[in-house]
Amino acid sequence: SQTIHQWPATLVQPVGSPLSLECTVEGTSNPNLYWYRQAAGRGLQLLFYSVGIGQISSEVPQNLSASRPQDRQFILSSKKLLLSDSGFYLCAWSGPGGSYGYTFGSGTRLTVV
Amino acid sequence: LAKTTQPISMDSYEGQEVNITCSHNNIATNDYITWYQQFPSQGPRFIIQGYKTKVTNEVASLFIPADRKSSTLSLPRVSLSDTAVYYCLVVSGGSYIPTFGRGTSLIVHP
């Protein structure tokens, strides 16, 4: 069966520090991968998605970036965090074209102080 | 992509049936409708999916009229544990950009 792992679960980082959140998927190959952010009491904002290794599409320009160094690994990064980067970050995967639905990781609660 | 509109919030009581309606007026022929449930500090999880008419599983029912411009998620006899945010999502074949929106916050009262 397919599983998705996301870590860390919580993170407190000072303003201006770097960020690296990692997401890995097991039990499938060539998944579509997504990074979402959810501010308190708000909906899910799609940040990045990837349909293959090295292929990244950005939905919202900001000081975050994403990379996909391996087929089932998706990384969200920042060189310098802003207070506004605080939120709940979720990684998700799907089959091609959204097949098999969208399965989410358990999320990372990021607080920038 | 079909834009969806659903109520921001709903209140109910334990044991009642809850119906959450989602509008998707510009749904395309090949699109299908999915619903997700999200508890606080967790990722959304799939509830149900349908193309037309009625679909039922162990958790919910999904009603889709013939014109498919709306859909209704029905939760029978809700309990306190059904308090969550519910998202309607129209999935386009070949689309890689799932947009979840703000969802409907359902609060179930004792």
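I will try to describe carefully the structure that is included in this document.

**Thoughts on the interface of chain A and chain B**
It is common to give the size of an interface as the accessible area that goes away when the parts come together.
Now for step 1: Counting residues at the interface gives 23 residues for chain A and 19 residues for chain B.
Now for step 2: When chain A packs against chain B, the two sides together hide about 1,600 Å² of surface, and 55% of this comes from carbon and sulfur.
Now for step 3: Here chain A is connected to chain B by zero salt bridges.
Now for step 4: For the pair chain A and chain B, the interface holds four residue pairs in polar contact (both at pLDDT 80 or more).
Now for step 5: Here the side of chain A that touches chain B gets four residues from one element, more than from any other, and that element is strand 4 (residues 32–38) of chain A.
Now for step 6: Among the residues making up the side of chain A that touches chain B, the classes are represented as ten nonpolar, ten polar and three charged.

**A short note on the sheet that holds strand 7 (residues 70–75) of chain B**
Residue and element names in this part refer to chain B.
Now for step 1: Strand order in the open sheet made by the four strands is 2-7-6-5, with antiparallel pairing throughout. In this open sheet, the two strands that pair with only one neighbour each are strand 2 (18–23) and strand 5 (53–56). Averaged over all neighbouring strand pairs, the angle between strand axes comes to 15 degrees, with direction disregarded.
Now for step 2: Looking at chain direction, strand 2 and strand 7 are connected through six bridges and run antiparallel. Its bridge partner lying in strand 7, Thr 21 is registered against Thr 72.

**As for the nonpolar core**
Now for step 1: If you look at the biggest cluster of nonpolar residues, it comprises 20 residues, and the most contacted ones within it are Ile 33, Trp 35, Leu 73, Leu 75 and Tyr 86 of chain B.
Now for step 2: Those elements that place two or more of their residues in this core are strand 2, strand 3 (32–38), strand 4 (45–50), strand 6 (61–64), strand 7, strand 8 (84–91) and strand 9 (104–109) of chain B.
Now for step 3: Looking at which element gives the most residues to this core, the answer is strand 8 of chain B, with four residues.
Now for step 4: Apart from residues lying up to four places away in sequence, Tyr 86 of chain B is in contact with Gln 6, Ile 20, Trp 35, Tyr 36, Gln 37, Ile 47, Leu 73, Leu 75, Gly 103, Thr 104 and Leu 106 of chain B.
Now for step 5: The next biggest cluster of nonpolar side chains, apart from the first, holds 19 residues, and it includes Leu 21, Val 25, Leu 33 and Leu 110 of chain A.

**Here's the deal with the pattern of salt bridges**
Residue and element names in this part refer to chain A.
Now for step 1: Counted under the stated rule, the structure contains two salt bridges over all chains.
Now for step 2: When the shortest N-O distance is used, the salt bridge between Asp 85 and Arg 37 registers 3.6 Å. Here Asp 85 is found in the loop between strand 8 (73–78) and strand 9 (87–94), whereas its partner Arg 37 is found in strand 4, with 48 residues between them in sequence. Accessibility assignment for this pair places Asp 85 and Arg 37 in one class, buried.
Now for step 3: Between Asp 71 and Arg 68 there is a salt bridge, with its nearest N and O atoms 3.3 Å apart.

Parameters at a glance
In this convention, every chain numbers its residues from 1, walking through the sequence in written order. Whichever chain is written first becomes A and whichever ligand is written first becomes 1, with later ones labelled in order. In keeping with the predicted nature of the model, local features appear solely for residues at pLDDT of at least 70, side-chain atom pairs appear and are counted solely at 80 or more, and the whole-chain, interface and lining totals rest on all residues. Computation of side-chain values covers all heavy atoms of the structure but excludes hydrogens and water. Any two residues having at least one pair of non-hydrogen atoms within 4.5 Å are treated as being in contact. Two parts placed together each lose some accessible area under a 1.4 Å probe, and adding up what both lose gives the buried area. Any carboxyl oxygen of Asp or Glu within 4 Å of a side-chain nitrogen of Lys or Arg constitutes a salt bridge here. Polar contact criterion, stated in full: a pair of N or O atoms within 3.5 Å, where within protein one must be able to donate a hydrogen and the other to accept it, and residues adjacent in sequence count only if both atoms are side-chain atoms. A run of H or I in DSSP counts as a helix once it spans at least four residues, and a run of E counts as a strand once it spans at least two, with each numbered from the N terminus. Each residue is assigned to one of three groups, with Ala, Val, Leu, Ile, Met, Phe, Trp, Tyr, Cys and Pro labelled nonpolar, Asp, Glu, Lys and Arg labelled charged, and all others, Gly among them, labelled polar. The pairing criterion for strands is at least two bridges between them, as found by DSSP. Note on geometry: axes are lines fitted to C-alpha atoms, helical ones only across the stretch in contact, with angles between N-to-C directions running from 0 to 180 degrees. In this text, buried Ala, Val, Leu, Ile, Met, Phe, Trp, Tyr and Cys residues form a nonpolar core when linked through side-chain atoms within 4.5 Å. Type-normalised accessible area, obtained with a 1.4 Å probe on protein chains alone, sets the label of each residue: buried when under 20%, exposed when over 50%, and partly exposed for intermediate values.

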